[in-house]
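So the chains spell out like this:
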Amino acid sequence: MDHILSLIIFFPAFAGLLGFVVHKDSAKAYAITVAAIEFFLTLWLWVGFDTSHGGMQFVEFAPLVESFGVSYYLGVDGISLFLVMLSTFMTLIALIGLSIKEDVKNLVISVLFLEMTMVGVFLSLDVVLFYLFWEMSLLPMLYIIGAWGSGERVYAAVKFFLYTFFGSVFMLVGILVMAYLYFQQTGVWSFALPDWYAMSLPLNVQMWLFGAFFLGFAIKVPMVPFHTWLPYAHGQAPTIGSVILAAVLLKMGTYGFVRFSLPLFPDASATFMIPIAIVAIIMVIYTAMIAYAQEDMKQVIAYSSISHMGIIILGTFALNAEGITGSIFLMISHGIVSGALFMLVGVIYERRHTKLMSEFGGLASVMPGFATIFGIMLMGSVGLPLTIGFVGEFLALMGFFKVSILLTALAGSGIILGAIYMLTLYKRSFFGVVTNEANKNLIDLNKRELTALVPLVILVVLLGVYPKPILGPIDMSVKKMISLMEYKASEPDTKDMLRRVNTIQEVR
């Protein structure tokens, strides 16, 4: 397993190149096979992962540009392990559920290249390598939305690209400044993230650099007021694009906060804790209210995604083990649930070519299997106890409860709003009498759709009942990161705050 991380990153891209010589009629089966092998590679990684060790494992290092400290540097810990598994699993599920027939060969090749970039982001420990994978992820998604989307798909694709690329420019400036500061302190150049963790920076410098990285990550999440690209991208993207976008790409932004912002700039993170929490609460409540006002089922889920990402941000900036562990678990749970919901909307869109709730009603009597799975995913989305959504939301809110009871209560109101708009969607679409003649003969879920959706249902219930196999390794790595933050903090107030909000030693 010396080069397992390199294999996981580059296998989809290599298979994607070979895909050009595969016959178009076999392209989907080929891509599913590749994605299945990739997922089993990550399962192998999990089997070999030492869950009692919170540091980086399976590290690979090779110098690339020694004079400037650029290297091929990979590693995985409890924080990144399950995000890698989420990426490979949801890619496999999205390909199984794929129903597009036009130019499917180029589509699945684009998806395989996108998978490489997503996994590369989560495994890179060299910041230049991280940035390359981060930027390369824009191109396949730009192509997927622009070529296979609907309506104003080109406008949506360009808006997605410009927004995220704009934030990346500021992040690049921050990366270059960090490398220069490291050179000033040590006399050598390095872009290795563990080397940067050893740096001590004054608060004023931290605040400027925190802002540079923050813009890149916040737009990717996306945080209010940078959120407007996401509903448009979801609205025009094909189902497979929406599934991967919601399940994985958004998590790259929140992962960036955990991997970069908190350990590199602990004093700035503590300084901006409350302002960012207020923005996160605005995300939760404001986008929940917008979701309630939508008539399009896909737009309801799109705004719901932004609202749930607000809870993830809140838990992350609680700066304690409960909050950060909960936010990472919520990244995984939201990826599974939102991906499933977008896939379900895609199922009904294939049959009726509309996503308007006013066009439905009484679907539960016509498509009982579809209604059952949609209901389970809805319960996971609103955070019903014993579903996967409850665990992460509870821990994230519990973590911030130690910071501010009032702000946590306001954020908790978003969960109530979430239940209102999701149950309203379900009532209008599934209950009542079938009044539209076009809905009376709809076909329930077929074997392909069940193959894609049933594993997601199992995970929503299983990890809601027993989340420990995932929470344990995450918690180990989060505690190691918090110890680093406390050690690096130069402001006494930051040290006191970190000690105060980290009184509980273990997430059980």
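Refer to the structure printed above.
Computed from a predicted model, the values in this text were never measured in an experiment.

Chemist: Any chance you could explain the pattern of salt bridges here in plain terms?
Modeler: Oppositely charged side chains can pair when the atoms bearing their charge come close. Counting across every chain of the model gives 10 salt bridges. Across the pair Arg428 and Glu295 runs a salt bridge, and its minimum N-O distance is 2.9 Å. Here the residue Arg428 occupies a position in helix H19 (residues 405-430), and Glu295 occupies one in the loop between helix H13 (273-293) and helix H14 (297-316), the gap between them amounting to 133 residues. Glu486 is the salt-bridge partner of Arg499, the closest N and O atoms lying 3.1 Å from each other. With a gap of 13 residues between them, Arg499 in helix H22 (residues 492-501) and Glu486 in helix H21 (residues 468-488) connect regions that are remote in the sequence. The exposure class of Arg499 is partly exposed, given its relative accessible area of 45%. Bridged by salt links that share partners, the residues Glu350, Arg351, Arg448 and Glu449 form one connected network.

Chemist: It is not clear to me how helix H3 (residues 78-96) should be interpreted in this structure. Could you clarify?
Modeler: For an α-helix the count is 3.6 residues per turn, leaving residues at separations of three or four pointing the same way. Between the first and last C-alpha of H3 there are 28 Å, a value that for 19 residues agrees with the 27 Å anticipated at 1.5 Å per step. Counting buried residues along H3, 19 of its 19 residues qualify, which places the element largely inside the surrounding structure. Two to three positions downstream of the cap, the backbone nitrogen of Ile79 sits 3.2 Å from a side-chain oxygen, assigning the N-cap of H3 to Asp77.

Chemist: Where do I start with the side chain of Ser404 in this structure?
Modeler: If you trace the backbone, Ser404 turns up in the loop between helix H18 (388-401) and H19. Within the structure, the side chain of Ser404 is placed 3.2 Å from the backbone nitrogen of Leu407, a separation counted as a polar contact.

Chemist: Sorry, what's going on with the pairing of strand S1 (residues 57-65) here?
Modeler: The two faces of the sheet receive side chains in turn, since in a regular strand these alternate between them. Summarising the sheet, S1 and strand S2 (residues 70-76) pair through six bridges and their orientation is antiparallel. Residue pairing for S2: Val65 is matched across the bridge by Val70. Linkage of S1 to S2, two consecutive antiparallel strands, is achieved through a turn of four residues, within which Gly69 is found at a positive phi near 70°.

Chemist: Teacher, can you tell me more about the packing of helix H10 (residues 229-236) against helix H11 (residues 239-264) here?
Modeler: In a pair of packed helices, the angle between the axes and the distance between the axes together describe the arrangement. Put simply, H10 and H11 touch, their axes get as near as 9 Å, and they point 145° apart. Residues Trp229, Leu230, Ala233 and His234 of H10 lie in contact with H11, whose contacting residues are Ser242, Leu245, Ala246 and Leu250. Here the contact of H10 with H11 is built from residues that sort into six nonpolar, two polar and no charged.

Chemist: Help me understand the environment of Phe170 in this model?
Modeler: As for its placement among the helices and strands, Phe170 is situated in helix H7 (residues 153-186). Here the alpha-carbon distance between Phe170 and Ser483, two residues 313 residues apart in the chain, equals 28 Å. Beyond its immediate chain neighbours, meaning those up to four positions away, Phe170 contacts Ala212 and Leu215.

Chemist: So what exactly am I meant to see when it comes to a nonpolar patch on the surface here?
Modeler: A contiguous nonpolar surface patch, about 480 Å² in accessible area, is contributed by Phe165, Phe166, Val169, Phe170, Val173 and Val177. Looking at the secondary structure, you find Val169 in helix H7. Exposure remark for Val169: the relative accessible area of 37% places this residue in the partly exposed category.

Chemist: In this structure, what is going on with the environment of Thr271? I would like to understand it.
Modeler: Note on placement: Thr271 falls in helix H12 (residues 266-271). A residue is classified by how much of its surface remains accessible, and Thr271, at 38% relative accessible area, is partly exposed. In this structure the C-alpha to C-alpha distance between Thr271 and Leu81, which are 190 residues apart in sequence, comes to 29 Å. Non-local contacts of Thr271, meaning those with residues more than four positions away in its chain, are made with Leu203 and Met207. A polar contact is formed between the side chain of Thr271 and the backbone oxygen of Asp267, at a distance of 2.8 Å.

Chemist: Just to check I follow, could you spell out the packing of aromatic side chains for this structure?
Modeler: Two aromatic rings, taken as a pair, are described by how far apart their centres are and by the angle between their planes. The tally for this structure, following the rule as stated, stands at 36 aromatic pairs. Here the aromatic rings of Phe130 and Trp134 are separated by 5.6 Å at their centres, their planes lie at 40°, and the arrangement is tilted. In this pair, Phe130 and Trp134 are both assigned in helix H5 (residues 127-136), four residues apart and thus about one turn of the helix distant. Just as Phe130 is buried, Trp134 falls in that class too.

Chemist: What should I look at first to understand the pairing of S2 in this one?
Modeler: When you tally the buried positions in S2, you get seven out of seven residues, the bulk of the element. Burial along S2 is two-sided: the face carrying Val70, Tyr72, Leu74 and Val76 and the face carrying Ser71, Tyr73 and Gly75 are both buried.

Chemist: Is there a simple way to think about the side chain of Thr325 in this case?
Modeler: Along the chain, the position of Thr325 falls in helix H15 (residues 321-352). Of note is the side chain of Thr325, whose polar atom sits 2.7 Å from the backbone oxygen of Ala321.

Chemist: Quick question: what am I supposed to make of H5 here?
Modeler: Of all the 10 residues making up H5, seven are buried; the element is thus mostly covered by neighbouring parts of the structure. Where H5 begins, the capping side chain belongs to Asp126, and its oxygen is found 3.0 Å from the backbone nitrogen of Val128.

What counts, and where the lines are drawn
Sequence order as written defines the numbering, with residues in each chain counted from 1. pLDDT decides what is reported in this predicted model: residues at 70 or higher carry local features, side-chain atom pairs at 80 or more are listed and counted, and totals for whole chains, interfaces and linings draw on all residues regardless. Hydrogens are left out, water is left out, and the side-chain values use all remaining heavy atoms of the structure. Here, a salt bridge means any Lys or Arg side-chain nitrogen found within 4 Å of an Asp or Glu carboxyl oxygen. The helix count covers DSSP runs of H or I at least four residues long, the strand count covers runs of E at least two residues long, and both are numbered beginning at the N terminus. Three labels apply to residues, based on accessible area from a 1.4 Å probe with only protein chains included: buried if under 20% of the type maximum, exposed if over 50%, partly exposed otherwise in between. Take the number of residues in a helix, subtract one, and multiply by 1.5 Å to get its expected span. What qualifies as a polar contact is a pair of N or O atoms within 3.5 Å, subject to a donor-acceptor requirement within protein and to the restriction that residues adjacent in sequence count only when both atoms come from side chains. Pairing between two strands is assigned when DSSP locates at least 2 bridges connecting them. Fitting a line to C-alpha atoms yields each axis, with helices limited to the stretch in contact; the angle taken between N-to-C directions then spans 0 to 180 degrees. The criterion used for residue contact is that any of the two residues' heavy atoms lie within 4.5 Å. Residues were grouped as follows: Ala, Val, Leu, Ile, Met, Phe, Trp, Tyr, Cys and Pro as nonpolar; Asp, Glu, Lys and Arg as charged; and all remaining residues, including Gly, as polar. Like-charged residues are merged into a patch within 9 Å and nonpolar side chains (Val, Leu, Ile, Met, Phe, Trp, Tyr) within 5 Å, provided each residue has over 30% relative accessible area and no salt bridge. Only the protein chains shown count as covering a residue, and every accessible area follows the Shrake-Rupley method with a 1.4 Å probe. In this scheme Phe, Tyr and Trp rings, the latter by its six-membered ring, pair at centre separations within 6.5 Å, and the angle between planes marks the pair as stacked below 30 degrees, edge-to-face above 60, and tilted otherwise.

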